[in-house]
Amino acid sequence: MSFSFGRRVAMLATAAAMSVGALTAMTGTASADDVVPLTTSNWVGLYNSPDTTHGKISYGDVPPGGRLWAHCWTRGQQIGNWGNTWYQVSYVDYGQGWVSIPTAYVFAGYADNNAHSVNRDPYITPC
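Cut-offs and rules
- Residues numbered from 1 in each chain as written.
- Predicted model: local features only at pLDDT ≥ 70, side-chain atom pairs only at ≥ 80, totals over all residues.
- Heavy atoms only, no water.
- Helix = DSSP H or I, 4+ residues; strand = E, 2+ residues; numbered from the N terminus.
- Contact = heavy atoms within 4.5 Å.
- Areas by Shrake-Rupley, 256 points an atom, 1.4 Å probe, with all protein chains shown as cover.
- Salt bridge = Lys/Arg side-chain N within 4 Å of Asp/Glu carboxyl O.
- Disulfide = S-S within 2.5 Å.
- Buried < 20%, exposed > 50% of the residue type's maximum accessible area, 1.4 Å probe, protein only.
- Phe/Tyr/Trp six-rings, centres within 6.5 Å; stacked < 30°, edge-to-face > 60°.

Draft legend 1. Fine view of the overall build of the chain. Regarding its fold elements, the chain presents two helices and five strands. Long-range pairs, those at least 24 residues apart, make up 60% of the contacts in the chain between residues at least 6 apart in sequence. Entry remark: accessible area of the chain is about 7,500 Å², with carbon and sulfur atoms responsible for 59%.

Structure, rendered in structure tokens:
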């Protein structure tokens, strides 16, 4: 009887350890988000992809002093000597509070001179 009880305890302990391991693996690779304040004098467009040729979403450009809620950064269209890094966003602050928008891309060079992209901000990971 003690063998059977010990085996059940061992099986439960193994299952619990596997569950904790799976949960740790899932949360360990999850990205976080961070606020990106617009620090340039540019109005920044909200694009359908990290390439201006695919057009903008149907929300207005974000003015200087606004903020973005960035999920991640990615590489896309190169614009001048500003680079090719873009933020993926789904919330913007036009200066009066957060607005939920469809997923959009913002050119990081125009937003904050790439200050939060390319692993400079640990909470904004590559997409």
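Draft legend 2. How the structure looks around the pattern of salt bridges. Counted under the stated rule, the structure contains two salt bridges. Across the pair Asp 61 and Lys 56 runs a salt bridge whose closest N-O atoms are separated by 3.0 Å. For the salt bridge of Arg 67 with Asp 93, the shortest nitrogen-to-oxygen distance reads 2.7 Å. With Arg 67 in strand β2 (residues 67-75) and Asp 93 in strand β3 (residues 85-93), the pair connects residues that are 26 residues apart, well separated along the chain.

Draft legend 3. View of the state of the cysteines. Following the criterion strictly, the structure yields one disulfide and no others. Each sulfur of the disulfide joining Cys 72 and Cys 127 lies 1.9 Å from the other. Looking along the S-S bond of the Cys 72-Cys 127 disulfide, the torsion reads about 90°, which is the right-handed sense. Taken together, the residues Cys 72 in strand β2 and Cys 127 in the segment after β5 (125-126) connect sequence positions 55 residues apart. For Cys 72, a relative accessible area of 7% corresponds to the buried category.

Draft legend 4. Structural detail: the packing of aromatic side chains. Under the defined criterion, the tally for this structure stands at five aromatic pairs. Summarising the aromatic geometry, the rings of Tyr 47 and Trp 86 are spaced 5.7 Å apart at their centres and angled 90° between planes, so their arrangement reads as edge-to-face. On the criterion of sequence distance, the pair formed by Tyr 47 in the loop between β1 (34-37) and β2 and Trp 86 in strand β3 is long-range, its members being 39 residues apart. An identical accessibility class is assigned to Tyr 47 and Trp 86; each is buried. Aromatic side chains Trp 82 and Tyr 110 sit 5.2 Å apart centroid to centroid with 90° between the ring planes, which places their arrangement in the edge-to-face category. Here Trp 82, found in the loop between β2 and β3, pairs with Tyr 110, found in helix α2 (residues 108-112); they are 28 residues apart in sequence, far enough to count as distant. On the basis of relative accessibility, which here comes to 31%, the residue Trp 82 falls in the partly exposed class. The rings of Tyr 47, Trp 82, Trp 86, Phe 107 and Tyr 110 are connected pair by pair, giving a single aromatic cluster.

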